[in-house]
Amino acid sequence: MTTPWWKSAVVYQVYPRSFADADGDGVGDLDGVVRRLGHLARLGVDALWLSPFYPSPMVDFGYDVADYTGVDPVFGDMATFDTLVGEAHALGIRVIIDWVPNHSSDAHPWFVASRSSRDDPHRDWYVWRDGRPGGLPPNDWESTFGGPAWTHDPATGQWYLHSFAVEQPDLNWANPAVADAMLDTLRFWLDRGVDGFRIDVVQDLGKEPDAPAGAGEWPRDQDWPAGHAIMRRVRALLDGYDDRMAVGEVYVLDQRRLVTFLTSGDELHLAHDFVFLRCPWDAARFHDVIDEFTRLATGAAWPTWCLENHDHPRVATRWDDGGHGPARARAAALLLLGLRGTAFLFQGQELGLPDAHVPADRIVDLDGRDPERAPIPWERPSVAGPGAGFTTGEPWLPIVGDAERLAVAAQRVDPRSDLSLWRRLIALRRSAPALSPDGAQALLDAGPGVLAWVREAPGERLLIAINMSREAVRLDLDLPGAGVPRLELSTDPDRVEDDVDVRALGIAPDEGVIVRLG
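Residues numbered from 1 in each chain as written. Predicted model: local features only at pLDDT ≥ 70, side-chain atom pairs only at ≥ 80, totals over all residues. Heavy atoms only, no water.

Note that Val289 resides in helix H9 (residues 283-296). By relative accessible area, which is 1% here, Val289 ends up buried. Between the alpha carbons of Val289 and Ala343 there is a distance of 16 Å; along the sequence they are 54 residues apart. Sequence-distant contacts of Val289, defined by excluding residues within four places in its chain, comprise Gln255, Val275, Phe276 and Cys279. (Helix = DSSP H or I, 4+ residues; strand = E, 2+ residues; numbered from the N terminus. Buried < 20%, exposed > 50% of the residue type's maximum accessible area, 1.4 Å probe, protein only. Contact = heavy atoms within 4.5 Å.)

Following this line, the structure appears as structure tokens:
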């Protein structure tokens, strides 16, 4: 049986606004993505995930969708999207797009009609309820973005539900017409050659706004039963096409609940693990999270590892702790790519980008996510100007401060750079049988502060170890049959890689190594 492509994939998230600007307006666009596909091909990734590019008022930067089957003019047009898919496929890169089924924009024609009258045919496409006595909302649910999750509409005298911004009304998936219309939007993109979907806030789907108080935890950790039924319908649709996949943003901070979307094999193919993403730089914590998921992952469940995305601070900043961020970002590449499972990285992670400094007068996202969304520096500013090759105009957010050193052009020619490390790791992941989906994985007890595991396939054993402590450590592992070990790779650019005896291998703080065992 052929292993599905997504099990071995390295997936690269593209945030279009900040990836590459082809027309000089300061905002990234689809043509910019097309022009930079060569970077992804040279990096060696298997798929790109495009964050929303749909027509939108951009209250939540595209996650407030006004048309599920269009392209916002700020990003280009449908012809450019089709070109992107065609050229990506020609390079062997699959294309995954964001799908936002929990809510639309209040500018979507469905909601405009829904709020026009209680008798409008689209009224029940959204969640409307009468308030409680005293002018109170229907219940005490709160929005993820703060404040009540209900807004009163004076024109019709009822309240509508919005799990996020006021301008993002929740769709009513209990209405069969909504389910059918939304599934049709998936068919639209699948028929255009899209290889899969990243599904936004899966845990919020299927909510029961009339449930008694205490029936669910608002706003994130709900995981309503009806949400699983929705995912089964999505999976059935995808299974009608060849080789497509769905990965869910299931923001539940409990891996036992996360795997319920995976184990049966008729819901999601993959689900982002936010327990893993939110780990501190601590070997014991990572060990426990990886071990727990491995034990829970029965049936069809397959691990999905990611450490950055457009909503979370970059690891070079999040784990900096006194200047350790750059080294930890390099070791995180080994963590992400050395584990058995599907790996997701966020654009710029391969450059070791930290969060950018965004002055108060440049802030555009009131939820504080601007720093990790700063544009990619493609060229040295000393050569390309202040837009650093991202744009010839004024970038919509500031470029990262150390762009001269971190730019793609600077790192491309430096064998010691983060970019070179990522390329080397991805190439090794692709070529080494032990790092394939069929390669076994066993966590080791390597002593305090060290996260270590062995990957193994017939004829190949690899030891992977990351020193997450503040002191140099010496591996003291009893690995029978290790043969003559060899240091395959170190994340420390100053390390001289040579044949070593694994029983006496020293590892510096924040260094990761791969040792070939015989």
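On we go from here.
With that settled, consider unusual backbone geometry. Trans is the prevailing form of peptide bonds, just as negative phi is the prevailing case for residues other than glycine. The backbone of Asp243 shows a phi angle near 65°, a positive value even though the residue is not glycine. Relative to the helices and strands, Asp243 is located in the loop between helix H6 (225-239) and strand S8 (245-248). Backbone geometry at Asp321 places phi at a positive 45°, although glycine is not the residue there. On the secondary structure map, Asp321 appears in the loop between helix H10 (315-318) and helix H11 (325-338).

Turning our attention to H6. Given a rise of 1.5 Å per residue, 15 residues ought to cover 21 Å, and the 22 Å separating the end C-alpha atoms of H6 matches this to within 8%. Within H6, burial applies to Gly227, His228, Ile230, Met231, Val234, Arg235, Leu237 and Leu238. The inward-facing, buried residues of H6 abut strand S3 (94-99), helix H5 (176-190), strand S7 (196-199) and S8. (Expected span 1.5 Å × (residues − 1).)

Next up on the list: the sheet that holds strand S5 (residues 150-153). The sheet built from 3 strands is open, its strands ordered S4-S6-S5 with antiparallel pairing. Looking at strand neighbours, the two that pair on one side only are strand S4 (128-129) and S5, the edges of this open sheet. Here S5 runs beside strand S6 (residues 158-161); their pairing, made up of 4 bridges, is antiparallel. Looking at the pairing, Asp153 lines up with Gln158 of S6. (Pairing = 2+ DSSP bridges.)

Let's shift gears to the nonpolar core. Grouped together as the largest cluster of nonpolar side chains are 131 residues, with contacts concentrated most on Leu50, Phe53, Phe81, Ile97, Phe197, Leu268 and Leu335. When near neighbours in sequence (up to four residues on either side) are disregarded, Leu335 contacts Phe276, Phe286, Leu307, Leu451, Trp453, Ile466 and Met468. Of all hydrophobic cores here, the second largest spans 16 residues; its members include Trp6, Ala9, Ile96 and Cys306. (Core = buried A, V, L, I, M, F, W, Y, C linked by side-chain atoms within 4.5 Å.)

Below, the discussion takes up the environment of Asp242. Residue position: Asp242 is located in the loop between H6 and S8. Residues Asp242 and Asp195 lie 47 residues apart in sequence; the distance between their C-alpha atoms is 8.9 Å.

Below, the discussion takes up the packing of aromatic side chains. Using the criterion set out here, one finds 26 aromatic pairs in the structure. The interplanar angle of 65° and the centroid separation of 5.3 Å between the aromatic rings of Phe276 and Phe286 together place this pair among those described as edge-to-face. Placement of the pair is Phe276 in helix H8 (residues 274-277) and Phe286 in helix H9, with a sequence separation of 10 residues. The structure contains a cluster of three or more aromatic residues connected by ring pairs, namely Phe53, Tyr54, Tyr68, Phe81, Trp110, Trp125, Phe188 and Trp189. The residue whose ring lies beneath Lys7 is Trp302, and the NZ or CZ to ring-centre distance is 4.8 Å. Here Arg123 stacks its cationic end above the ring of Trp128, 3.7 Å away from the centre of that ring. (Phe/Tyr/Trp six-rings, centres within 6.5 Å; stacked < 30°, edge-to-face > 60°. Lys NZ or Arg CZ within 6 Å of the ring centre and 35° of its normal.)

Right, let's get into the packing of H11 against helix H15 (residues 418-431). For the pair H11 and H15, the least separation of the axes is 10 Å and the interaxial angle reads 15°. Relative to H15, the element H11 is oriented roughly parallel. Judged by the sense of rotation from one axis to the other, the crossing of H11 with H15 is right-handed. Contact with H11, carried on its side by Arg330, Ala333, Leu334, Leu336 and Leu337, involves Asp418, Leu421, Trp422, Leu425, Ile426 and Arg429 of H15 and no other residues of that element. Partitioning the contact of H11 with H15 into residue classes produces 8 nonpolar, no polar and 3 charged. (Axes fitted to C-alpha atoms, helices over the stretch in contact; angles between N-to-C directions. Parallel < 35°, antiparallel > 145°, perpendicular 65-115°, else oblique. Left-handed = near helix turned anticlockwise from the far one by under 90°. Nonpolar A, V, L, I, M, F, W, Y, C, P; charged D, E, K, R; others polar.)

Everything listed here is a matter of coordinates, which is why it stays silent on function.
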